[in-house]
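# Examining the three-dimensional arrangement
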Amino acid sequence: MSAPRIARAAFRRLSPRTRSAVLHRFGIFAPWEEGFDFTPPDLRPGEIIGPPDFVGIGVQKGGTSWWYELIASHPGVSARADIHKERHYFSHLVTQPFGEAEVNQYHGWFPRLPGTIVGEWTPDYLAHPWVPELLHRAAPDTRLLIILRDPVERFRSGLSFRLSLGTIEDEGTVADAVRQGFYARFLRRYLDHFSYDQLLVLQYEQCVLDPAGQLAATYEFLGLDAHQPDALRTGVNVSGAKRPIDPDTGRRLAALYAPDVEDLYSLFPHLDRSLWPSIDVVGE
Amino acid sequence: MMANGLHRLPYPVHRWLPEEQRVDLRHWLGRYRPWEAGFDLTPPAVAPDETTGPPDYVGIGVTLGGATWWHGLVTDHPGVSVRSDLPGARHYLSRFATEPFGPEQVDAYHHLFPRPLGTIAGEWSPSYSTLPWVLPLLARAAPGARLIMIVRDPVERLRLAMALGRERRRSQVGTALADAVERGFYGAQLRQVLVAFPRSQVLVLQYETCLDDPAGQLATTYRFLGLDDTHRPVGLHRAFRPGPVTAPTLELEARERLVDLYASDVAELVSMVPDLDLHRWPHFTPD
């Protein structure tokens, strides 16, 4: 075994928080971390920049990496491997001024070859209520995508994921995981700034049942030709370990979400309520 | 048993350790804050002349809205019992998003409120209003409790929260930022409160009015709690300066954007609290 491979293997054995601390020591930050440098990447020969053609806005643990990969596999889409699918550009811009310089910097994160489209997918955008206005200023004509998932299942998966990264379990962490499931509440803010036709709402459960059909709908929404990616039938890894929750607590969470989910069904009548049975049990 | 104060590390530590490492150190020393999963919630021993039961009042909001100051003035009243070995913010209900909450947990909550006969007891956990699962639980555990919420200009609240975060070297992106923004949506919070409690059981005060007229607002608070409203705490007019040492002003563009962000929520708050004085929140004052 070579020295770099041993080093890499040892690094992977460290806890997630120690790993980040080591990377930070070397000045390496992820786009969602404080300290990330938002200077756009260098352009490669032939590339041009501009506003993103599509932006995925949610949700965490909703299969967004899988779906973004499927979109990126289309020959009409530019997706550089060295740029993270989650640009997180707006995540830090609440109290800072936002003007032309910021808009241009955001555009710089979307290099593409002429004739192709490009986009990003930052699941945190949904529950960050200041993002819709900024995104609309930076990319008013972009197409928005979101994959929703049964909010109770999403919560369990989301909380386990956060804790697995070494986040401390306190009321703030739990509140954030709960909050991200109030889909209608946050989507209404997007609809204040973007037209209904600019938004494609998918259901994770539907994508798992019928990936080909849902992907065809996604390509069509993005103005892309029909395409059959090689990776369509590979496994999906969104669940991981899920936090065990007793049935009573699960029902309590479902009751919390029920009014928001009803609002969601009224906003988007094409959603299949039979795919989220846990919510409907509460309403009966 | 909960020991108030023990969960804090000496202040200068803030200056040289980022929050994550500070928390690790604190946990390594076995110290947890009431809102963290490891905090010991064993109820205290009850003295022979004391009884326990549901809280008579619960402060439910908001952070950086003067809750600690105001709760201090409430507990100064001789008719209010206060225990120095219990944190004023019990945060007890915060942990039941993922854990069962049955008669046993209700009983344990009641045991956190020992009081001598003839006095009232309560708590003030400023985050309760922002934790959507808490209010239904509170309605089960203390259906007769009187709720108090102090609200403050949400843009100003956010500005101070950001400055305080910087001062304490807390993360200022993503979840932390979303949490800080979320705490200012008082209208949405109050709407959830009113699903679980009747309006008559909720007192909404305005921080800016409390600063201007502490005696009048405190008398209102005492009356709401069924207490003699002639009591005047000694330190009532003592200058009160909460929050960070310095907080940079917002640039006009950012401030206008934040006012837009909160405007519809403030309008909703006013619809539920018609006597809210918007002249005290100049950014939101209608022309």
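As a convention, each chain's residues are numbered from 1 in the sequence order in which they are written. Working convention: letters from A go to chains and numbers from 1 go to ligands, in the order in which they are written. In keeping with the model being predicted, local features are shown solely for residues with a pLDDT of at least 70 and side-chain atom pairs are shown and tallied solely at 80 or more, while totals for entire chains, interfaces and linings include all residues.

## Concerning the overall build of chain A
Helix and strand counts for chain A stand at 12 helices and four strands. Taking 19 Å as the expected radius of gyration for a compact globule of 284 residues, we find that chain A reaches 20 Å, a close match to that expectation. For chain A, the proportion of its 284 residues judged to be buried stands at 38%. We call two residues in contact if the C-beta atoms placed from their backbones are at most 7 Å apart. Within chain A, contacts between residues at least 6 apart in sequence are counted, and of these 83% link residues at least 24 apart. Segments assigned H or I by DSSP are reported as helices when at least four residues long, segments assigned E as strands when at least two residues long, and all are numbered from the N terminus. The globule rule used here is 2.2 Å times the number of residues to the 0.38 power, and the radius of gyration it is set against is calculated over C-alpha atoms. Three exposure classes are used. Buried residues have 20 or more other C-beta atoms within 10 Å of their own C-beta, exposed residues have 12 or fewer, and partly exposed residues fall in between, all C-beta atoms being placed from the backbone.

## With respect to the overall build of chain B
Along its length, chain B carries 11 helices and six strands. Taking 2.2 N^0.38 as the reference for a compact globule, 287 residues should give roughly 19 Å; the C-alpha atoms of chain B span a radius of gyration of 19 Å, in line with that estimate. Taken along the three principal axes of its C-alpha coordinates, chain B extends 60 × 45 × 40 Å. Within chain B, the proportion of its 287 residues that are buried is 39%. Counting contacts in chain B only where the partners sit at least 6 residues apart, residues at least 24 apart contribute 83% of the total.

## Some remarks on the environment of A:Thr18
Assignment of secondary structure puts A:Thr18 in helix 2 (residues 16–25). For the pair A:Thr18 and A:Gly166, spaced 148 residues apart in the sequence, the C-alpha separation amounts to 9.2 Å.

## Some thoughts on the nonpolar core
We call a set of buried Ala, Val, Leu, Ile, Met, Phe, Trp, Tyr and Cys residues a nonpolar core when their C-beta atoms link them within 7 Å. With 121 residues, the main nonpolar core has A:Ile146 and B:Ile150 as its most contacted residues. With six residues, helix 11 (residues 247–267) of chain A is the single largest residue contributor to this core. If we skip the residues at most four places from it in the chain, B:Ile150 touches B:Gly61, B:Val62, B:Gly65, B:Gly66, B:Ala67, B:Trp70, B:Leu205, B:Tyr207 and B:Cys210.

## Details of the sheet that holds strand 2 (residues 57–61) of chain B
All names here are of chain B. What makes two strands pair is DSSP finding at least two bridges between them. Reading across the sheet, the four strands line up as 4-2-5-6 and stay open at both edges, with parallel pairing between neighbours. Each edge of the open sheet is held by one strand with a lone partner, namely strand 4 (122–124) and strand 6 (202–206). Here the average twist between neighbouring strands, direction ignored, is 20 degrees. Where strand 5 (residues 146–151) lies against strand 6, five bridges are found, and the strand directions are parallel. Note on strand 6: the bridge partner recorded for Leu147 is Val202. In the packing of helix 8 (residues 186–196) onto the sheet, contacts are made with strand 2, strand 5 and strand 6, and the angle to strand 5 comes to roughly 175 degrees. Note on geometry: axes are C-alpha line fits, over the in-contact stretch for helices, and angles between N-to-C directions span 0 to 180 degrees.

## A short note on the interface of chain B and chain A
Counting residues at the interface gives 36 residues for chain B, matched by 35 residues for chain A. Of all the secondary structure elements, the ones that give two or more residues to the side of chain B that touches chain A are helix 2 (19–28), helix 6 (154–167), helix 7 (174–182) and helix 11 (252–272) of chain B. It is helix 7 of chain B that provides the largest number of residues to the side of chain B that touches chain A, a total of seven residues. Three categories are distinguished: nonpolar for Ala, Val, Leu, Ile, Met, Phe, Trp, Tyr, Cys and Pro, charged for Asp, Glu, Lys and Arg, and polar for the others, with Gly belonging to the last. A class-by-class count of the residues in the side of chain B that touches chain A yields 17 nonpolar, nine polar and 10 charged.

## Points about helix 10 (residues 211–221) of chain A
Residue and element names in this part refer to chain A. Burial in helix 10 covers these residues: Pro211, Gln214, Leu215 and Thr218. Seen along its axis, helix 10 keeps its buried residues to an arc of 100 degrees; they face one direction. With respect to the buried face of helix 10, the exposed residues turned more than 90 degrees away are Ala212, Gly213 and Glu220. Looking at the packing, one finds that the buried side of helix 10 touches helix 3 (64–72), strand 4 (199–203) and helix 9 (204–209). The positive-phi residue at the C-terminal boundary of helix 10 is Gly223, with phi of around 75 degrees. By arc we mean the arc of the directions from the helix axis to the C-beta atoms, nothing more.

## Examining the confidence of the model for chain B
Values of pLDDT, which run from 0 to 100, indicate the predictor's confidence residue by residue. Scored by pLDDT, chain B has a mean of 89; 91% of the residues are at 70 or more. Here residues 1–7 of chain B is a poorly scored stretch, pLDDT under 50, and it has 16 contacts once near neighbours within four places are set aside; other chains count.

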